[in-house]
Amino acid sequence: MDQDRIDRKEKLPTLKLTVVQYGILLMMLALAAGLWRLQILGADSYRILAEQNRVRKDPVLAPRGKLFDREGRLIVDNYPSASCFLIREQNQKVDADLPLIAKGLHLDLDQLRATLSRYRAAPGYQPIPIKQEVTDDERAFIASHRNELPELLTIDVERRLYPRDGFAAHIIGYVGEVSEEDLNNPRFAYYEPGDVVGKAGVEETYDELLRGKDGSRDVVVDSHGREVGYLGIQHAIPGQDLKLTIDNDLQRAAELALGNRNGAIVAMDPRNGEILAMVSRPSFDPNEFAVRINRTNWNQLVTDPDRPLMNKAIQAQLAPGSTFKIMMSVAGLQEGIAQNMHINCPGGWGPYGFYHHCDRTHGAVDIHNAIPYSCDTFFYMLGDRLGIDRIAKYATAFGYGQKTGIDLAGEQAGLMPSAQWKMKNYHNRWYPDETLDVAIGQGAVEATPLQLARIIGGIASGGHLVRPHVVFPDQLTPDFRKGLVESFPGSGDATVPIDPDNWNIVTDGMAEVTEPGAFHTAGSAHLEGIDFGGKTGTAQLMSHEALGKTTKGKSTNPNVWFVGVTPRRNPELVVAVLWQNGNFSFYPARIGAQIVSAYVEKQRRLAHNLAEPAKTAAPAEMSAVWTVPTEFKGTKTAPQNAPPDRLQGGNFLIDHSGQIVASKQPEPSISSKPKTPGAPSKPTDLGAPSMHPLLGAWVGNHTPQPARKPQATPIGAGQ
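Here's what I pulled together on the structure shown here. (Residues numbered from 1 in each chain as written. Predicted model: local features only at pLDDT ≥ 70, side-chain atom pairs only at ≥ 80, totals over all residues. Heavy atoms only, no water.)

### Quick notes on the overall build of the protein
Note the cut-off: Secondary structure elements are defined from DSSP: runs of H or I of at least 4 residues count as helices, runs of E of at least 2 residues count as strands, and each element is numbered from the N terminus. The rule is simple: take the accessible area with a 1.4 Å probe, protein chains only, and divide by the maximum for that residue type; under 20% is buried, over 50% is exposed, in between is partly exposed. By the convention used here, residues are in contact when the closest approach between their heavy atoms is within 4.5 Å.
For the protein, the helix and strand inventory stands at 23 helices and 26 strands. Within the protein, the proportion of its 719 residues that are buried is 45%. Put simply, of all contacts in the protein between residues at least 6 apart along the chain, 70% involve residues at least 24 apart.

As structure tokens, this is what we get:
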């Protein structure tokens, strides 16, 4: 029994030993498997992680594509610069270094801390931009403090260089750092904080093409983040250059013509929708945004009541005034109403209890003179016969109340009222009296300058309307072009049939507008030798009664319009001019004429078809004799032996205008009486200047002065 007990004691340790042995074996197998996984299976991935611990990727920023005008002339360029970035992973005690960094880089300490707080949620390896446009002394500070401040990184960049004086600023737009709000937009899914993006105009619409693709530079760093070597570089891919449809010459002419007036100009080729010029005033300098605009300048721009950042060419929604009468004329003729209207304009019309004024008493008016007269009374009656529903149908077909679809962000649609629109928005029926206001382009009607250019240009083109654009489509891929149409919906290309006879009546009426004549609203904008037509418009800001109760300051002046085409039918240029609070519509007509003249002259010059300078007749030679009275004649102190009046003569060259251009030495004087005995003989000269009754000019010892001619008011001058 004792033996059995002993055997049991010996067997228990053997079992335990076996369990321990197998446990150890399993542990060894697990360790071996782990080592095999780490050293064999994961060798490549861990090698990469190890490299990343000693290799830093510095970004290489891609330069943005340049912008050119339609003739290949450079508009927007880039210039070399440098920015300072901060990399937090290189130093865990960045906050302690901020005072030194702020001092060395001339930054406000609180602003620097605020910048870092914006990037708290960003990965530690992501560079944070803290100073743009680093100066030479700031570069020296960064280099000299490389050991103390390894978190500072200088990166070469190319910044935008825009034209001076805000040239084409609203077409071009500007760039800026992507905002937090932008990053929440799916459109900016591939952007990171600190990236520079287009903020307006072409810069915004075509940002995907212009920005290019950034590269990187692999730099070997030590444990403190100090650069100790260089491995390689992935070059950045520059952005795509783009050719715009604008013509620098016409753009400059438009900007000079509008001057500092508050308004807008659009010049477009109505055959294909190419924008040749676009101006909005007041403007801004996009160069202020190329680095980072300061808070003071930004506040001035956003608080300015004239809204300089607003592109009025596509965003100003205002009553189009009498420019709307062109569409009304088409509608009236197409419906067979206007041809038979012969009315007498007594200065207004008021069939529904409220008198609607006309600016003049035109007398007998029909469709042929209603357009050049811009007779409100005629169009009140025409609108009343058409009714609001038919007016709205034609207006909508031509594009009122709709975006045009131009490839610029922020375009507004304007407004075309109707009975249905009023019921939907105001839950009230439409009154016939309201139609009269709509018929002359007032009431609730609103349009942008670009809309009017497209519509009037389309009517003059026989009803063919086009989608405006500022970049040539042949530079874009099919997918990008398709995306543009989806991103910028609008009325686009359209055709509204117009009877040829009606088309002739309307376009002839537009040409009469710019011909000198009684009641013609733009006769002063006439261009000799140019087939030029158009329509003026004056949009009152308040009723006559309300205006009478004000001090009639500038802010109460009406907005004035002009939309012109050349030639009158199937035009190759349409110009829309808006002058806010401009008061008189012949002013924008003169501005439009100046742009049309610049365009036509350039086309003639390119075609070597400039008019020969007028040949003037050679000056004619003429002889004259005149009397020069003595200096005592007509005075009480004249002596009895005073010499008689002198006769003088001379030869002159007279130009075609009757002015003396040259004179010859006159003949010796001829006396009608003998000379006084003993009087010295003196050489005869021209004597004192006198007005010759036949020549109509001063003669004698006097430089001939041409007669002053009345000076015409320069086109577009401040009236």
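Next, the rest of the story.
### Structural notes on the packing of aromatic side chains
This is how the line gets drawn: Note on aromatic contacts: the rings of Phe and Tyr and the six-membered ring of Trp form a pair at centre separations within 6.5 Å, being stacked when their planes are under 30 degrees apart, edge-to-face when over 60 apart, and tilted otherwise. We call a charge positioned over a ring when the NZ of a Lys or the CZ of an Arg lies within 6 Å of the ring centre and within 35 degrees of the ring normal.
Applying the stated criterion across every chain, the model contains 14 aromatic pairs. Each ring, one from Phe324 and one from Tyr400, has its centre 5.0 Å from the other, and the planes form 65°; the classification is edge-to-face. With Phe324 in the loop between helix H13 (312-315) and helix H14 (325-334) and Tyr400 in the loop between helix H16 (376-398) and helix H17 (419-426), this pair connects stretches of sequence that are 76 residues apart. Residue Phe324 is classed as buried on the basis of its relative accessible area of 0%. On the numbers, 5.9 Å between centres and 65° between planes, the contact of Phe532 with Phe562 is edge-to-face. Of this pair, Phe532 sits in the loop between helix H21 (500-513) and strand E19 (533-539) while Phe562 sits in strand E20 (residues 559-566), placing them 30 residues apart in sequence. The buried category is assigned to Phe532, whose relative accessible area is 4%. A network of ring pairs unites the aromatic residues Tyr174, Phe284, Phe289 and Trp298 as a single cluster. Across from the ring centre of Trp579, 4.9 Å away, lies the NZ or CZ of Arg261, which sits over that ring.

### Topic: the sheet that holds strand E11 (residues 263-269)
Going by this rule: In short, DSSP must find at least two bridges between two strands for them to pair. Every axis corresponds to a line fitted to the C-alpha atoms, with the helix fit spanning only the stretch in contact, and the corresponding angles, defined between N-to-C directions, vary from 0 to 180 degrees.
Spatially, five strands are ordered E12-E11-E21-E20-E19 in an open sheet, and the strand pairing comes out antiparallel. The open sheet terminates on both sides in strands that have one partner only, identified here as strand E12 (274-281) and E19. Averaged over all adjacent pairs, the angle separating strand axes in this sheet is 5°, with direction ignored. Here seven bridges tie E20 to strand E21 (residues 573-579), and the two strands are oriented antiparallel to one another. Counted as the bridge partner of Gly564 is Val575 from E21. Against the sheet, helix H10 (residues 248-258) touches E11, E12 and E21, its axis set at about 30° to E12. This element, H21, spans E19 and E20 of the sheet and lies at about 70° to E19.

### Points about the nonpolar core
Basically, it comes down to this: To define a nonpolar core, start from buried Ala, Val, Leu, Ile, Met, Phe, Trp, Tyr and Cys residues and group those joined through side-chain atoms within 4.5 Å.
Of all hydrophobic cores here, the largest spans 128 residues; its most connected members are Val202, Tyr206, Phe324, Met327, Phe378 and Phe398. At 12 residues, H16 tops the list of elements feeding residues into this core. Those residues in contact with Tyr206 that lie beyond four places of it in its chain are Leu242, Asp407, Val471, Leu476, Phe480 and Leu484. With 19 residues, the next largest nonpolar core counts Cys84, Leu98, Leu105 and Leu149 among its residues.

### Let's talk about the pattern of salt bridges
We count it as follows: When a carboxyl oxygen of Asp or Glu is within 4 Å of a side-chain nitrogen of Lys or Arg, the pair counts as a salt bridge.
Applying the stated criterion to the full structure yields 26 salt bridges. A salt bridge links Lys66 to Asp77; the shortest N-O distance between them is 3.4 Å. Placement of the pair is Lys66 in the loop between strand E1 (55-60) and strand E2 (67-68) and Asp77 in strand E3 (residues 74-86), with a sequence separation of 11 residues. Measuring nitrogen to oxygen at the nearest pair gives 2.8 Å for the salt bridge that ties Glu203 to Arg160. One end of the pair, Glu203, is in helix H8 (residues 201-205); the other, Arg160, is in strand E5 (residues 152-161), with 43 residues separating them in the sequence. Comparing Glu203 with Arg160, the two get one shared label, buried. It is possible to trace a salt-bridge network through shared partners that takes in Arg64, Arg160, Asp195, Glu203, Asp207 and Arg211.

### Description of the pairing of E3
Here two bridges tie E2 to E3, and the two strands are oriented antiparallel to one another. The residue bridging Leu67 from the neighbouring strand is Val76, located in E3. Between E2 and E3, which pair antiparallel one after the other, the connecting turn spans five residues, and Gly72 there sits at a positive phi close to 85°. The pairing of E3 with E5 spans 10 bridges and is classified as antiparallel.

### Overview of the packing of H14 against H16
The condition is simple: Small angles under 35 degrees read as roughly parallel and large ones over 145 as roughly antiparallel, with 65 to 115 read as roughly perpendicular and the rest as oblique.
Interhelical geometry of H14 versus H16 gives an angle of 90° and a closest axis separation of 8 Å. Taken together, the axes of H14 and H16 lie roughly perpendicular to each other. Side by side, H14 and H16 meet where Lys325, Met327, Met328, Ser329, Val330, Ala331, Gly332 and Gln334 of the first sit next to Asp376, Phe379, Leu382, Gly383, Leu386, Ile391, Tyr394, Ala395 and Phe398 of the second.

### Some points on the environment of Glu274
What counts, and what does not: In the analysis that follows, any N or O atom pair within 3.5 Å is treated as a polar contact, provided that within protein one partner can donate a hydrogen and the other can accept it, and provided that, for residues neighboring in sequence, both atoms belong to side chains.
Along the chain, Glu274 turns up in strand E12. In this structure Glu274 comes out as buried when scored by relative accessible area, which is 12%. When neighbours within four sequence positions are excluded, Glu274 is seen to be in contact with Arg70, Thr245, Ala267, Met268, Asp269, His469 and Phe472. Here the side chain of Glu274 touches Arg70 through a polar contact of 2.9 Å, side chain to side chain.

### Quick look at the environment of Ser491
Considering the arrangement of structural elements, one finds Ser491 in the loop between helix H20 (478-487) and strand E18 (494-495). Here Ser491 falls in the buried class, since its relative accessible area comes to 18%. On a C-alpha basis, the gap between Ser491 and Lys403 in space is 6.2 Å, while along the polypeptide they are 88 residues apart. Look past the residues within four positions of Ser491 in its chain and what remains in contact with it is Gln402, Lys403, Thr404 and Arg454. At a separation of 3.3 Å, a polar atom in the side chain of Ser491 contacts the side chain of Arg454.

### Brief notes about the environment of Gln132
When you line up the elements, Gln132 lands in strand E4 (residues 128-132). Spatially, the C-alpha atoms of Gln132 and Val157 are 9.4 Å apart, while their sequence positions differ by 25 residues. Other than its neighbours up to four places away in sequence, Gln132 contacts Ala82, Ser83, Arg159, Glu177, Ala290, Val291 and Arg292. At a separation of 3.4 Å, a polar atom in the side chain of Gln132 contacts the side chain of Arg159.

### Comments concerning helix H23 (residues 586-606)
Heads up, the rule is: An expected span of 1.5 Å times one less than the residue number is assigned to each helix.
Its 21 residues give H23 an end-to-end C-alpha distance of 30 Å, which sits within 8% of 30 Å, the value for a rise of 1.5 Å per residue. One or two steps after H23, the chain reaches His608, where phi turns positive at roughly 55°.

### What to know about the side chain of Glu411
As a reminder, the rule being used: By the counting scheme adopted, Arg and Lys are positive, Glu and Asp are negative, and His together with the chain ends is not counted.
Its location among the elements puts Glu411 in the loop between H16 and H17. Buried and without a salt bridge, Glu411 has Lys403 as its closest oppositely charged side chain, separated by 6.4 Å. In this structure the side chain of Glu411 is engaged in a polar contact, spanning 3.2 Å, whose partner is the backbone nitrogen of Gly405. Once you skip the residues sitting within four places of it in the chain, Glu411 turns out to touch Ile314, Lys403, Thr404, Gly405, Ile406 and Leu450.

### What about the state of the cysteines?
How we decide: Count a disulfide wherever a pair of cysteine sulfur atoms falls within 2.5 Å.
As enumerated under the stated definition, the model contains zero disulfides in all. Of the cysteine sulfurs around Cys345, a residue in no disulfide, the closest is that of Cys375, at 3.7 Å.

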